[in-house]
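# Structural overview for review
Each chain, letter by letter, is given below.
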Amino acid sequence: MSSQSKERAARTAVVLGGTSGIGKEIVKSLAEKGMTVYLSGRTSETAQKAAAEIGRGTTGLAVDLSEPESIAGSLAAIGPVDYLVIPAIERDANTIADYNIARATRLVTLKLVGYAESIHALRDRFTPDAAIVLFGGLAMQRPYPGSTTVSTVNGGVVGLVNSLTTELAPVRINAVHPGIIGDSPYWEGKDNSNIISRTPLGRLVTMQEIVNSVEFLLENTGVNGVNLAMDGGWLLK
Ligand SMILES: NC(=O)c1ccc[n+]([C@@H]2O[C@H](COP(=O)([O-])OP(=O)(O)OC[C@H]3O[C@@H](n4cnc5c(N)ncnc54)[C@H](OP(=O)(O)O)[C@@H]3O)[C@@H](O)[C@H]2O)c1
C-alpha cells in the first residue's frame, strides 16, 4: 500500500443521504479505499440495510435533514470528521400553477437549512484539513417540468458554498452540480433522448463520473469554493 493510500485509509467520511443513488456509490468507493464511513438515510432501517449491503465496517445512521432540530442529536455518535458529503434529497415535483407548500417547504428545509445545520453540528469535529462536498444540480439553469423547488434550492447551494468558504476556512467546501445522470435510479429508464442530443459528449454523465468528481473535490487540497458542473457540456449546446 502506498503512503498516500495508507493516509487515505485512516480517514473518516460522513455521507448524508448515502442509502441510494449517487450517495450510495460514494459510500462504496470511500469504503473500498479503507476509510471509516458513516452513511445516513431518513430511517435507521434504510441506513442499516445499506450499511450491511456495502459492508467494510460502514455504519448506518438515521438523520432527517428536513427536521433540522433533530440533526445534532442524530450525528452525536460521530467523532473527528475528515470528509463530509451531502447528497441527500427528497424530490418535490412542484409548479407555480399547482403549488404544494408542504412539499416545497420540506425540500427547501432539507437542502438549505438541513445542509447548513449538518455542517454547524459537525463544525467542532472537522479535522484541520477537512473537506466538504454539497450537492446542487443544473436544474437551476436548465429547469424541467415540476423542477421549480429543485431549481430554487440548487441556486441556494451555490450561495451556501460561497458563504461557507470564508466562514469555515481552513476547512474547504465545494459543490457538485450534476446534469441528468442517466444511470441514477431517478432517471434510469426515462426517455432522456432529448437531453442526450443536447449533450456534446453524446451520452449522459454516469454515477461513477460523479463519484470521481466528489473524490477530486475532497482530495485536491487546492480546490475551494468551487461549484462544479458535471454535465458533459450540456449547458453549452
Ligand atoms: N440523479 C441525478 O441525475 C441528479 C441530477 C442533478 C442533481 N442531483 C443531485 O444529486 C444528489 C443525489 O441524487 P440521487 O438521484 O442519487 O438521490 P436519490 O437516489 O434519490 O437518494 C436520495 C438520498 O437522500 C436521502 N434522503 C431523502 N430524504 C431525506 C431527508 N429528509 N433527510 C436526509 N436524507 C434524506 C435518501 O435516504 P432514504 O430514502 O434512505 O431516507 C437517499 O439516501 C441530490 O442532491 C440531487 O439533487 C442528482
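Below: a short report on this structure. (Residues numbered from 1 in each chain as written. Predicted model: local features only at pLDDT ≥ 70, side-chain atom pairs only at ≥ 80, totals over all residues. Heavy atoms only, no water.)

### Things to note about the packing of helix 5 (residues 101-122) against helix 6 (residues 148-167)
Definition in use: Each axis is a line fitted through C-alpha atoms, taken for helices only over the stretch in contact, and angles between the N-to-C directions span 0 to 180 degrees. Counting from the N terminus, the helices are the DSSP runs of H or I reaching at least four residues and the strands are the DSSP runs of E reaching at least two. In what follows, roughly perpendicular refers to angles from 65 to 115 degrees, roughly parallel to angles under 35, roughly antiparallel to angles over 145, and oblique to any angle outside these ranges. The hand of a helix crossing depends on one turn: near helix anticlockwise from the far one by less than a right angle means left-handed, and clockwise means right-handed. Contacts are assigned to residue pairs that have any heavy atoms within 4.5 Å of one another. Each residue gets one of three labels, nonpolar for Ala, Val, Leu, Ile, Met, Phe, Trp, Tyr, Cys and Pro, charged for Asp, Glu, Lys and Arg, and polar for the others, Gly among them.
Relative orientation of the contacting elements helix 5 and helix 6 amounts to 15 degrees, with a least axis distance of 9 Å. Between helix 5 and helix 6, the crossing angle belongs to the class labelled roughly parallel. Every pair of crossing elements has a handedness; the one defined by helix 5 and helix 6 is right-handed. Of helix 6, the residues touching helix 5 (which contributes Ala 104, Leu 107, Val 108, Lys 111, Leu 112, Tyr 115, Ala 116 and Ile 119) are Thr 149, Val 150, Val 153, Gly 156, Val 157, Leu 160 and Leu 164. For the contact of helix 5 with helix 6, a count of residues per class yields 12 nonpolar, two polar and one charged.

### A look at helix 2 (residues 21-32)
What counts is decided by this rule: Expected span, for any helix, means 1.5 Å times one less than how many residues it has. We call a residue buried when its accessible area falls under 20% of the maximum for its residue type, exposed when it is over 50%, and partly exposed in between, using a 1.4 Å probe and counting protein chains only.
With 12 residues, helix 2 extends 17 Å between its outermost C-alpha atoms, agreeing within 8% with the 16 Å of an ideal straight helix rising 1.5 Å per residue. Three or more residues of helix 2 are buried, namely Gly 21, Ile 22, Gly 23, Lys 24, Ile 26, Val 27, Ser 29, Leu 30 and Ala 31. Close packing links the buried residues of helix 2 with strand 1 (12-16), strand 2 (36-41), helix 3 (44-54), strand 4 (81-86), strand 5 (126-135) and helix 8 (207-219). A positive backbone phi angle near 95 degrees is found at Gly 34, which sits one or two residues after helix 2.

### Describing the side chain of Thr 127
Tracing the chain through its elements places Thr 127 in strand 5. Take Thr 127: its relative accessible area is 16%, and that puts it in the buried class. Excluding its chain neighbours within four sequence positions, the residues that come into contact with Thr 127 are Pro 80, Val 81, Asp 82 and Val 171.

### Comments concerning the packing of aromatic side chains
Heads up, the condition is: To pair, rings of Phe, Tyr and Trp, with the six-membered ring standing in for Trp, must have centres within 6.5 Å; the planes then decide the type, stacked if under 30 degrees apart, edge-to-face if over 60, and tilted in the middle. Charge over a ring is defined by NZ of Lys or CZ of Arg lying within 6 Å of the ring centre and within 35 degrees of the ring normal.
Counted under the stated rule, the structure contains two aromatic pairs. Between the aromatic rings of Tyr 144 and Trp 187, the centroid separation amounts to 5.4 Å while the plane-to-plane angle is 90 degrees, which identifies the pairing as edge-to-face. One end of the pair, Tyr 144, is in the loop between strand 5 and helix 6; the other, Trp 187, is in the loop between strand 6 (172-178) and helix 7 (193-197), and 43 residues separate them in sequence. Classification of Tyr 144 by relative accessible area gives partly exposed; the value is 24%. A centroid spacing of 5.2 Å and a plane angle of 85 degrees characterise the contact between Tyr 186 and Trp 187, whose relative ring orientation is edge-to-face. For Tyr 186, a relative accessible area of 33% puts it in the partly exposed group. Ring pairs connect the aromatic residues Tyr 144, Tyr 186 and Trp 187, which therefore count as one cluster. Lying across the ring of Trp 234, Arg 142 places its NZ or CZ 5.3 Å from the centre. A cation over an aromatic ring shows up here: Lys 190 above the ring of Trp 187, its NZ or CZ 5.5 Å from the ring centre.

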